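Architecture and fold: a report
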Amino acid sequence: MNHAAHNTMEPIYEGKAKRLYTTEDPNVLRMEYKDSATAFNGEKKEDFENKGRFNKAITLIIYKMLEEKGVKTHLVSDMDDINLLVRKVSIMPLEVIVRNVAAGSFSKRMGVAEGTQFTKPIVEFSYKDDALGDPFINDDYAREMGAASEEDSAYVKKTALLINETLKEFFLKANLRLIDFKIEFGRLATDPTQIVLADEITPDTCRLWDVETNEKMDKDRFRRGLGGFMEAYAEVLNRLQK
């Protein structure tokens, strides 16, 4: 199936980095990775050639690896350079962030130097709402906002910590240190009691530092104007493919 043929279908959802399209199967969607990069809630925006291609390839490698380790994801199959087929889910309005090392908003908020190692990973929740600036919440907030029941919050936290251990080991083999990452979960359209990992895992959603040099190999290169943005993504993909 070529790009021209499936571009005729209207996207049912367009986010900052991806578009979702319907397919012949009502429970399967086509997820297209865009070349756009955004930061600061969309205030900084730019297109980068190959970004969609890199992020699709990285997500596919990681999701296949996680599935093998028993983590349920929305992945159905590969499609082409910039598209994956995924199961239709309703995304929980919860961003789940796991932090192994102080960086980014944690360092700003808590006045802790970037690079400070935590004794144990920190899991935090944000309420997914751009208009509110994705505020920091806890499981009690999640319950009262109807974002997740207490059981669901506990399940999501447990799963996020399991994903963290698996990813840390996986990235370390590629000489990358997993500083922190953001994931999202969704309820399957075919069975809303089933919560699966959805969205993506890419250098857009992870902080990755080179083990030897501490060089940033992720979206911070774009956020902070460090240059070499796509070179870093290409390098991450290259290391994960080995």
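Attention in this report is confined to the structure presented alongside it. (Residues numbered from 1 in each chain as written. Predicted model: local features only at pLDDT ≥ 70, side-chain atom pairs only at ≥ 80, totals over all residues. Heavy atoms only, no water.)

Observations concerning the overall build of the protein
A count of helices and strands for the protein gives seven helices and 14 strands. By the compact-globule yardstick of 18 Å for 242 residues, the protein fits well, its C-alpha radius of gyration being 17 Å. Expressed along its principal axes, the backbone C-alpha trace of the protein runs to roughly 50 × 45 × 35 Å. The 242 residues of the protein split such that 50% are buried. Within the protein, residue pairs in contact and separated by at least 24 positions form 58% of the contacts whose partners lie at least 6 positions apart. Entry remark: accessible area of the protein is about 11900 Å², with carbon and sulfur atoms responsible for 51%. Of the side-chain charges in the protein, 36 are positive and 42 negative, and the distance between the mean point of each set is 3 Å. (Helix = DSSP H or I, 4+ residues; strand = E, 2+ residues; numbered from the N terminus. Rg over C-alpha atoms; globule rule 2.2 N^0.38 Å. Buried < 20%, exposed > 50% of the residue type's maximum accessible area, 1.4 Å probe, protein only. Contact = heavy atoms within 4.5 Å. Areas by Shrake-Rupley, 256 points an atom, 1.4 Å probe, with all protein chains shown as cover. Lys, Arg positive; Asp, Glu negative; His and termini not counted. Charge placed at Lys NZ, Arg CZ, Asp CG, Glu CD.)

Describing the pairing of strand 6 (residues 75-80)
As judged from the four bridges shared by strand 6 and strand 7 (residues 83-87), these two strands associate in the antiparallel manner. When the sheet's bridge partners are listed, L75 is paired in strand 7 with V86. In textbook terms, the turn of a hairpin is the stretch between consecutive antiparallel strands, and for strand 6 and strand 7 this stretch comprises two residues. (Pairing = 2+ DSSP bridges.)

Quick word on the environment of V101
Here V101 is to be found in strand 9 (residues 94-101). Along the chain, V101 and T116 lie 15 residues apart, while their C-alpha atoms are 5.5 Å from each other.

A short note on helix 5 (residues 150-173)
Taking 1.5 Å of rise per residue, 24 residues should cover 34 Å, and helix 5 covers 35 Å from first to last C-alpha, within 8% of that figure. Three or more residues of helix 5 are buried, namely D152, S153, V156, T159, A160, I163, N164, T166, L167, F170 and F171. Once helix 5 finishes, N175 follows within two positions and takes phi at roughly 60°, a positive value. (Expected span 1.5 Å × (residues − 1).)

Some details on the sheet that holds strand 6
Strand order in the open sheet made by the five strands is 1-2-3-7-6, with antiparallel pairing throughout. Lying at the two open borders of the sheet, with one neighbouring strand each, are strand 1 (11-14) and strand 6. Put simply, the sheet's adjacent strands are angled 25° from each other on average, direction ignored. By the bridge criterion, three bridges tie strand 1 to strand 2 (residues 18-22) in an arrangement that is antiparallel. Bridge assignment links P11 to a residue of strand 2, and that residue is Y21. The strands that helix 2 (residues 51-68) touches are strand 3 (28-33), strand 6 and strand 7; relative to strand 6, the one it contacts most, it runs at about 145°. (Axes fitted to C-alpha atoms, helices over the stretch in contact; angles between N-to-C directions.)

With respect to the packing of aromatic side chains
This structure, assessed with the given rule, holds six aromatic pairs. Their ring planes at 55° and their centres at 6.2 Å tell us that F170 and F171 sit as a pair that is tilted. Both residues of the pair, F170 and F171, count as buried. Considering the side-chain rings of F229 and Y233, the 4.8 Å spacing of their centres and the 75° angle between planes classify their relative orientation as edge-to-face. Here F229 pairs with Y233, and both are found in helix 7 (residues 229-241), just four residues apart, close to one helical turn. With respect to burial, F229 and Y233 carry one shared label: buried. Among the aromatic residues, ring-to-ring pairing joins F48, F222, F229 and Y233 into one connected group. Directly above the ring of Y21 sits R30, whose terminal nitrogen or CZ lies 3.8 Å from the centroid. (Phe/Tyr/Trp six-rings, centres within 6.5 Å; stacked < 30°, edge-to-face > 60°. Lys NZ or Arg CZ within 6 Å of the ring centre and 35° of its normal.)

Looking at the layout of surface pockets
Where empty space is left can be seen by rolling a probe of water-molecule size over the atoms. There is about 180 Å³ of room inside the second largest pocket. In terms of lining residues, the second largest pocket is bounded by V123, E124, F125, F136, I137, N138, D139, E150, S153, A154 and K157. Of all the secondary-structure elements, those providing two or more residues to the lining of the second largest pocket are strand 10 (117-127), strand 11 (136-137) and helix 5. Sorting elements by how many residues they give to the lining of the second largest pocket places helix 5 first, with four residues. Along the lines of polarity and charge, the residues of the lining of the second largest pocket split into five nonpolar, two polar and four charged. (1 Å grid on protein atoms, 1.4 Å probe; cavity = no way out; pocket = protein on both sides within 12 Å on 5 of 7 lines; lining within 4 Å. Points joined across faces, edges and corners; volume = space filled by probe spheres on them. Nonpolar A, V, L, I, M, F, W, Y, C, P; charged D, E, K, R; others polar.)

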